[in-house]
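Structural description and commentary
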Amino acid sequence: MKNARRRREPSVRMSAPRLLEALVKEPGKPARLTLVADTLEALQSIVDGPIEVTRLTEENVIVCNGEGMLRGLPRNALGICGTFLVLGRGDGESFGPVFGPRTVRALLGDAQP
């Protein structure tokens, strides 16, 4: 194959996932404010399983393990089993940063300065 040209594959640029401020609440530990990637895989990794989303306040939602009770995970605040996150409601397609972390900590019975 004389003079054969190599076909160039188009380059695909992967953008880094958006980071969101979230409260993470593990059983028996105080809630902590941290940054989490706004991806399904990252959220599933934190809650150790499939996610379930429940409204907490007008501005915030809880993201927890949808199988936490079935798997016998330890009880956490609000009767949720296993680790959960509190994130902002976002735009309907994705989550947003937690709104009012001090207020949310108080709701969780976890008030800190």
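As a reminder, the structure under discussion sits directly above these lines.
Here goes a summary of the coordinates provided. Here the structure is a predicted model, which is why all the values come from computation and not from measurement.

Quick notes on the rules
Residues numbered from 1 in each chain as written. Predicted model: local features only at pLDDT ≥ 70, side-chain atom pairs only at ≥ 80, totals over all residues. Heavy atoms only, no water. Buried < 20%, exposed > 50% of the residue type's maximum accessible area, 1.4 Å probe, protein only. Helix = DSSP H or I, 4+ residues; strand = E, 2+ residues; numbered from the N terminus. Pairing = 2+ DSSP bridges. Axes fitted to C-alpha atoms, helices over the stretch in contact; angles between N-to-C directions. Contact = heavy atoms within 4.5 Å. Salt bridge = Lys/Arg side-chain N within 4 Å of Asp/Glu carboxyl O. Disulfide = S-S within 2.5 Å.

Things to note about the pairing of strand S1 (residues 19–25)
Burial analysis of S1 places 5 of its 7 residues in the buried class, the great majority of the element. Counted along the chain from S1 to the antiparallel partner strand S2 (residues 32–37), the turn is 6 residues long, and its residue Gly28 has a positive phi close to 75°. Note that S1 and strand S5 (residues 84–88) share 3 bridges and pair antiparallel. When the bridges of S5 are listed, Val24 appears paired with Leu85.

Things to note about the sheet that holds S5
Spatially, S2-S1-S5-S4-S3 is the arrangement adopted by the 5 strands of the open sheet, whose pairing is antiparallel. The sheet terminates laterally at S2 and strand S3 (51–55), the two strands that pair on one side only. Neighbour-to-neighbour, the strand axes of this sheet turn through a mean angle of 35°, independent of strand direction. As judged from the 6 bridges shared by S1 and S2, these two strands associate in the antiparallel manner. Bridge assignment links Leu19 to a residue of S2, and that residue is Ala37. Of the strands in this sheet, S1, S2, S3, strand S4 (60–65) and S5 touch helix H1 (residues 40–47), which is tilted by about 140° from S5.

Notes on the pattern of salt bridges
Throughout the structure, instances matching the rule amount to 6 salt bridges. Across the pair Asp48 and Arg71 runs a salt bridge whose closest N-O atoms are separated by 2.9 Å. You can see Asp48 sitting in the loop between H1 and S3 and its partner Arg71 sitting in the loop between S4 and S5, a full 23 residues away along the chain.

Section: the state of the cysteines
Under the defined criterion, the tally for this structure stands at 0 disulfides. Just so you know, Cys64 is unpaired, no disulfide at all, and the nearest cysteine sulfur is the one on Cys81, 9.0 Å from it.

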